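Residue-level structure breakdown
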Amino acid sequence: MPGSLDLGYLAYLAANVPPWDIARAVAVRARRAVRGGMPKALTPFFFEVPRLSGGELLRNALTGRRPSIVDPAEREATAHLLRERYPEACRFILREADACKRAEVPVFGKWKDCRKRNSDVEPGEIVPIDYDLDPIGHQVRYDVSVPGPRVNLFQPGADAKAAWEVGRLQQLWRYGQARWLARSATERSAWARAWIATIRQFRNDCPVGMGVQWSVAMEVSSRAFHVALSFAYVMDDPAVDRKVLGEVAAMLEEHCAYAEEHLEETAAVRTNHYAADLVGPVVVGSLFPELPRARFWREQLGHKLWVEIERQCRPDGTHFESSTGYQRLVTELFLGAVLAARAGGDPAPRSVERCVVGLFRSLGDLLKPSGNIPQIGDLDSCRGLPLMPRAALDCGYLPALGAAALGNPSLKNPSSPCPVEVAWLLGTSGVERFASLPADGRTASHLLADAGIATLRSGDGYLCLTSGPNGQGGCGGHAHNDKNSIELSWGAVDLVLDRGTFVYARDPKERDARRGTSAHSTVQIDAAEQNRIIAGRLFALPDTSRARIRFLGRGGGWEMASGEHVGYQRLVHGVVHRRVAALDVRRRMAVLQDELVGSGKHVVDVRFHVPHVNVNVRPATSAEMARLRELPEQGYAPDGFDATRAVEVVVNRAPFALFAFAATLPFHLSVEDSDVSPGYAERTPARTIALRLAGKVPASIWTAVLVLAGEGMPSFDGATKGVPPSGEA
């Protein structure tokens, strides 16, 4: 459902969005209205697409070198390297390519049957896909006769993001990769024909400007991005003849012209969508210079993209959406644009490359021992460079990919192997380049000051404390009410998480609950939100909490950080929440100290979302209490921890961790059924440890997490990462 008018939110925007940004958005709207009349903003963009004869495009593609990120001449050498060094990854690729031929497409990490019903398919051909069907929305269908901008993206039970995920045509990568792994010319051409058939079917079934696949410029641009980049894997195949080249050229022109006409720049705040709108045309203009408007896309829209990348990247390397999931997406998109521009001979400014390096580096700063990123803000499981099937949070390979692609040693850690993505995107030369780079990456505790994120590392221990601004310059976007929230891991085992995103428009009530304070492992006062959630506006979250990281440091063997926010100051009796987080591998524990500064009586809820189901309240043992008695000497819980009420977390049928508590107010302890969302449209069972306190503020609360597992604790096996998806969403 579209957002309703909220005068308070409009006033907030007027006070916080720079006037020139508002003026720019108004000017763009006016220019479009003058250029094409008001109805143009509401109807598809129709135009005549020149049907290229092939000519120069054909000669360059088949008889000469043309712009490409990965050199087709390296196919045999790269395929040999892939089969020798990454045999299991190759099996994953071929398995997924075969499934895609049957129209079984991975959607948000789950296989979905996306077949177009009642279609005749010859043996060996790909099964047509139904691009108008919502694959997770219980048979909801979008009307292809409706102009894209008029499609209702908020119809009950539907989720346009799922249909878009199918329409991005990411299976083109798999067909191209399978072709490179094929051992005979006949087999290679079969995969090339699958690539070609996908292009043809989409153009036949999804006419330009019509239906859900043309409803958002970002999706149109992303599709062009995937077509243009995956073309490198098939362009030297005999099946790619003069006719095919003309069809590919026409499709790319249709998409880039539409994205150009529908750039999402008419709102006061330009978002990741606007940057993604620009990425597709820039990549196409760089890699297909023969197209009539290629120079304009490469140079004029390229200039806009480079300016936008610098605007959206913070000095600490993080992305302005305040979302780790969206940072992963734009990092891959921006890398694709930078590499394509470089291949096309018109490289991005060095300042832009530094921004992209910063995105990779800050993701590396956030990585857990498992290789996953913490879930801060929204996660929609979308990928820019889907070179391998990966779980939504699996980003352990990204810094190494950035190191190889951008030649930057600060992105390579001594323990980082060369991920298979390097071979797929950059060929054997990229693998060699990665091997020759020195390893200058950092692995210590780190503060991302602009994002308000502190990561503590001590041996196998990892703790992430987030206390930063909302996204899009404080307007909300993909940020959550997660101030002073933590994620805690030990080795490969997650102990504390946020509940995650789950879905957007498909369930607005659940959407607001998931981005609310109670869905995060932090403190809530009087059931109030840290920042006001505006009914009907799924991506608005005015930033009034003014959250910040107060310090990051080390003392007494502890890695320490502290965060603060004033989101509860608007209560009748205002409260400031300060949290100190400490981690020590020698003591095998983490400690939190929550200080509530203010006055009056309040009801206080402290929650920890635990991604395990065997979670039980029990007394602490004498050995556990002996460990806890060390903490008052360190300044934590001077009156000691409660020995009668603790919470044990069992992992793999063995006790793994114990949560113990102390407070200056009486507290009630419970363990509640819950779930966490490790990817978009995914839910897995979990438990929430909940403390409720009532009384006067100021007050203090202490939480200690003791790791109980010894030598037999579960370990992380990198070979299990990136398995193809299975099951149902």
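Everything here concerns the structure above.
For the structure given in this document, a descriptive report is provided here. What you are looking at is a predicted structure, and each value in this text was computed from that prediction instead of being measured.

Our next topic: the overall build of the protein chain. Scanning the protein chain for helices and strands turns up 19 helices and 19 strands. When burial is assessed residue by residue, the protein chain has 64% of its 729 residues classed as buried. Pairs at least 24 residues apart make up 74% of the contacts formed inside the protein chain by residues separated by at least 6 positions. Summed over its atoms, the accessible surface of the protein chain is roughly 26,900 Å², and 53% of this surface lies on carbon and sulfur atoms.

This part covers the packing of aromatic side chains. Tallying each qualifying case throughout the model produces 14 aromatic pairs. Pairing Y175 with W191 gives two aromatic rings, centres 6.0 Å apart and planes at 25°, and the pair type is stacked. Taken together, the positions of Y175 in helix α7 (residues 171-181) and W191 in helix α8 (residues 185-205) put the pair 16 residues apart, joining distant regions of the chain. Through pairs of rings, three or more aromatic residues link up here, namely F108, Y504, F539 and Y680. The cationic tip of K161 hangs over the ring face of Y680; the distance from NZ or CZ to the ring centre is 5.9 Å. Lying over the aromatic face of F502, R683 brings its terminal NZ or CZ to 4.1 Å of the ring centre.

Buried residues dominate strand β4 (residues 453-458), accounting for 6 of its 6 residues. Burial along β4 is two-sided: the face carrying I453, T455 and R457 and the face carrying A454, L456 and S458 are both buried. As paired elements, strand β3 (residues 446-448) and β4 share 3 bridges and run antiparallel to each other. Bridge assignment links H446 to a residue of β4, and that residue is T455. Where β3 hands over to β4, the hairpin turn is made up of 4 residues, of which G452 adopts a positive phi near 70°. Across 6 bridges, the pairing between β4 and strand β5 (residues 461-466) is antiparallel. Bridge pairing links T455 to C464 in β5.

Turning our attention to the packing of helix α10 (residues 242-261) against helix α12 (residues 294-312). Where α10 contacts α12, the two axes come as close as 12 Å, and the packing angle between them is 30°. Accordingly, the angle class assigned to the pair α10 and α12 is roughly parallel. Seen along the crossing, α10 lies across α12 with a hand that is left-handed. Residue-level contacts link L252, E253, C256, A257 and E260 of α10 to F296, W297 and L301 of α12. Taken together, the residues of the contact of α10 with α12 break down into 6 nonpolar, no polar and 2 charged.

The next subject is the environment of D642. Here D642 lies in the loop between α19 (622-628) and β15 (646-651). In the structure, D642 is positioned 21 residues away from A663 in sequence and 9.0 Å away in space, judged by C-alpha atoms. Ignoring sequence-local partners within four residues, the contact set of D642 consists of F661 and F667. For D642, the side chain forms a polar contact with the side chain of R645, separated by 3.0 Å.

Two side chains with opposite charge may pair up if their charged atoms get near one another. The full count for this structure, using the stated rule, is 47 salt bridges. Within the structure, one salt-bridge network assembled from shared partners comprises R499, E510, R514, D675 and R683.

Right, let's get into the nonpolar core. Core analysis: the biggest nonpolar cluster contains 143 residues, and W195, W306 and F334 have the highest contact counts within it. Element by element, the count of residues in this core is highest for helix α13 (residues 324-343), at 11 residues. W306 has contacts with V282, A337, V338, A341, A348, P349 and V352, leaving out every residue within four places of it along the chain.

With that settled, consider the sheet that holds strand β12 (residues 589-598). Taken in spatial order, the 8 strands of this open sheet run β9-β10-β11-β12-β19-β16-β15-β14, and their pairing is antiparallel. Pairing within the sheet leaves two strands with one partner each, and these edge strands are β9 (548-555) and β14 (615-618). Pairwise comparison of adjacent strand axes, ignoring direction, gives a mean angle of 20° for this sheet. The sheet contact formed by β15 and strand β16 (residues 654-663) spans 6 bridges and is antiparallel. Bridge pairing in β16 links V649 to A657.

Between its first and last C-alpha, α10 extends 29 Å over 20 residues, near the 28 Å set by a 1.5 Å rise per residue. The buried fraction of α10 amounts to 17 of the 20 residues, a majority that puts the element mostly inside the structure. Looking at where α10 begins, the residue whose side-chain oxygen comes 3.2 Å from the main-chain nitrogen of K243 is D241.

Moving on: the side chain of R168. Positionally, R168 belongs in the loop between α6 (160-167) and α7. For R168, a relative accessible area of 3% translates into the label buried. In contact with R168, other than residues within four places in its own chain, are M218, E219, S222, R223, H226, C382 and R383.

With respect to topology, 5 strands assemble into an open sheet ordered β3-β4-β5-β6-β7, the strand pairing being antiparallel. Whereas interior strands pair on both sides, the edge strands pair on one side only; in this sheet they are β3 and β7 (493-496). Taken pair by pair, the neighbouring strands of this sheet meet at an average axis angle of 15°, ignoring direction. Both β5 and strand β6 (residues 485-490) contribute to a ladder of 6 bridges, which runs antiparallel. Within β6, the position partnered with G461 by the bridge is W490. Of the strands in this sheet, β3, β4 and β5 are in contact with helix α14 (residues 350-366), which crosses β4 at around 50°.

With that settled, the discussion passes to the side chain of R298. If you trace the backbone, R298 turns up in helix α12. D346 provides the closest opposite charge to the buried, salt-bridge-free R298, at an N-O distance of 4.2 Å. Setting aside anything within four residues of it in sequence, one finds R298 in contact with G285, S286, P289 and D346.

Conventions we followed
Numbering of residues begins from 1 in every chain and follows the order in which that chain's sequence is written. pLDDT decides what is reported in this predicted model: residues at 70 or higher carry local features, side-chain atom pairs at 80 or more are listed and counted, and totals for whole chains, interfaces and linings draw on all residues regardless. Note that the side-chain values use all heavy atoms of the structure and ignore hydrogens as well as water. Secondary structure elements follow DSSP: runs of H or I of four or more residues count as helices, runs of E of two or more count as strands, with numbering from the N terminus. Relative accessible area decides the class of each residue, using a 1.4 Å probe on protein chains only: under 20% of the type maximum gives buried, over 50% gives exposed, and in between gives partly exposed. Contact between two residues is taken to exist if any of their heavy atoms lie within 4.5 Å; hydrogens are not considered. Only the protein chains shown count as cover for residues, and all accessible areas are computed by the Shrake-Rupley method using a 1.4 Å probe. The pairing test for Phe, Tyr and Trp rings, Trp by its six-membered ring, is centres within 6.5 Å, and the orientation test on the planes gives stacked under 30 degrees, edge-to-face over 60, and tilted for anything in between. Each ring is checked for a lysine NZ or an arginine CZ that lies within 6 Å of its centre and within 35 degrees of its normal; such an atom marks a charge sitting over the ring. A pair of strands is treated as paired once DSSP finds two or more bridges between them. Structural elements are reduced to axes, namely lines fitted to C-alpha atoms, with helices fitted over the stretch in contact, and the angle between N-to-C directions of any two is expressed from 0 to 180 degrees. Roughly parallel refers to an angle under 35 degrees, roughly antiparallel to one over 145, roughly perpendicular to one between 65 and 115, and oblique to any angle outside these ranges. Two helices crossing with the near one rotated counterclockwise from the far one by less than a right angle form a left-handed crossing, whereas a clockwise rotation gives a right-handed crossing. Three categories are distinguished: nonpolar for Ala, Val, Leu, Ile, Met, Phe, Trp, Tyr, Cys and Pro, charged for Asp, Glu, Lys and Arg, and polar for the others, with Gly belonging to the last. What qualifies as a polar contact is a pair of N or O atoms within 3.5 Å, subject to a donor-acceptor requirement within protein and to the restriction that residues adjacent in sequence count only when both atoms come from side chains. Salt bridges are defined by distance alone: a side-chain nitrogen of Lys or Arg within 4 Å of a carboxyl oxygen of Asp or Glu. Within this scheme, the nonpolar core is defined by two criteria: the residues are buried Ala, Val, Leu, Ile, Met, Phe, Trp, Tyr or Cys, and they are joined through side-chain atoms within 4.5 Å. An expected span of 1.5 Å times one less than the residue number is assigned to each helix. For the charge count, each Lys or Arg is scored as positive and each Asp or Glu as negative, with His and the chain ends excluded.

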